[in-house]
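Fold and contact review
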Amino acid sequence: MDLLGSIIGSMDKPPARDKKEKDMYEKQKKEYEKLKNRGREELNRFRSYVEERLGRLMKDDNRHYMEFQPLDQLHRSVVHDIAETAGLVGISFGVEDEGRYIVVYKKEHQPSKDELDARRNGDPWNKETAKQYAERRRAQELEEKQRKARNRGVKGDGDAAQSLPHTDYKDKYVHLIGQDAAIDAAKRTVTNRTYGYVPSENKRDLRSIEQTMADIQAKKKRKIEQTEVPPE
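The rules behind these values
- Residues numbered from 1 in each chain as written.
- Predicted model: local features only at pLDDT ≥ 70, side-chain atom pairs only at ≥ 80, totals over all residues.
- Heavy atoms only, no water.
- Pairing = 2+ DSSP bridges.
- Helix = DSSP H or I, 4+ residues; strand = E, 2+ residues; numbered from the N terminus.
- Axes fitted to C-alpha atoms, helices over the stretch in contact; angles between N-to-C directions.
- Contact = heavy atoms within 4.5 Å.
- Parallel < 35°, antiparallel > 145°, perpendicular 65-115°, else oblique.
- Left-handed = near helix turned anticlockwise from the far one by under 90°.
- Nonpolar A, V, L, I, M, F, W, Y, C, P; charged D, E, K, R; others polar.
- Phe/Tyr/Trp six-rings, centres within 6.5 Å; stacked < 30°, edge-to-face > 60°.
- Buried < 20%, exposed > 50% of the residue type's maximum accessible area, 1.4 Å probe, protein only.
- Salt bridge = Lys/Arg side-chain N within 4 Å of Asp/Glu carboxyl O.

**What about the sheet that holds strand β2 (residues 89-93)?**
To summarise the sheet geometry, strands pair through backbone hydrogen bonds and adopt either a parallel or an antiparallel arrangement. Taken in spatial order, the three strands line up as β1-β3-β2 in an open sheet, and their pairing is antiparallel. Edge positions in the open sheet fall to β1 (65-67) and β2, since each of these has one partner strand only. The sheet shows a mean angle of 20° between the axes of neighbouring strands, direction not considered. Alignment of β1 against strand β3 (residues 101-105), held across three bridges, turns out to be antiparallel. By the bridge assignment, Glu67 is partnered in β3 with Val103. Sheet strands in contact with helix α3 (residues 73-85) are β2 and β3, and its direction is about 5° off that of β3.

**Let's talk about the packing of helix α2 (residues 19-59) against α3**
Where α2 contacts α3, the axes come no closer than 10 Å and their chain directions differ by 40°. In terms of axis orientation, α2 runs oblique to α3. Here α2 and α3 pass one another in a crossing that is right-handed. Within the contact between the two elements, α2 uses Glu42, Leu43, Phe46, Arg47, Val50, Glu51 and Leu54 and α3 uses Leu74, His75, Val78, Val79, Asp81, Ile82 and Ala83. Its residues assigned to classes, the contact of α2 with α3 comprises nine nonpolar, one polar and four charged.

**Looking at the packing of aromatic side chains**
Scanning the entire structure with this criterion turns up three aromatic pairs. Ring centres of Tyr65 and Tyr105 lie 5.6 Å apart, and the angle between their planes is 45°; on these two criteria the pair is classed as tilted. Taken together, the residues span a long stretch of sequence, with Tyr65 in strand β1 and Tyr105 in strand β3 at a distance of 40 residues. Seen in terms of ring centroids, Phe93 and Tyr101 are 5.9 Å apart; in terms of plane orientation they differ by 35°. Their pairing is tilted. A relative accessible area of 13% means that Tyr101 is categorised as buried.

**Focus: the pattern of salt bridges**
This model, assessed by the stated rule, comprises nine salt bridges. Arg56 serves as the salt-bridge partner of Glu52, at 2.3 Å between the closest nitrogen and oxygen. Of this pair, Glu52 and Arg56 are both found in helix α2, four residues apart, which corresponds to roughly one turn of the helix. Here Arg56 falls in the partly exposed class, since its relative accessible area comes to 43%. Of the charged contacts in the structure, one is a salt bridge between Glu96 and Arg76, with a shortest N-O distance of 2.6 Å. Placement of the pair is Glu96 in the loop between β2 and β3 and Arg76 in helix α3, with a sequence separation of 20 residues. Where salt bridges share partners, they join Glu67, Glu115 and Arg119 into one cluster.

In structure tokens form, the structure reads like this:
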């Protein structure tokens, strides 16, 4: 026997699993499988329940939405999945673990802004709530309209009011057309020569080419003579 074999032979063998412990393990495994199957069956029953409820919603022309009881994330995902498959719209409201629920709507009857705001605020949606949120929205819209009117400097009730000009055209053109000029005079403004106007005839160079070249040469010569340093 070599050295390695002798060392292995001298080591303690792992203790054999006790039959009682083995039986307990098998029992726990069976219980887990049973719970797993029970959960699967429960989820299938819930799926059938959701399909049946949404089927009734789709057949009822007088009903626009269906609200479900608070559900955990797994069961909400089932409702969302079935609603999407059926061509419906599912929206979750509420806080997680504090009564979050789903409302499924028909696509042609999706919730208004008032309903979304109410449900997100935790208010139940009914005729009374709808009336309260409609009045609140109209008050907010009126306040916003008045605020914009004030910012634009608009006078009046905001519906038929018109902005007033800040300046008069006569003030702008008084130095050109005079204080008492009529409106059409402003359209036929004549430029005043005292304000820098130069007639086009004064801009035309009437010199010949020879005279122009001679003037340029003379100008260069004068510049050179002015820059030369006088002898000491």
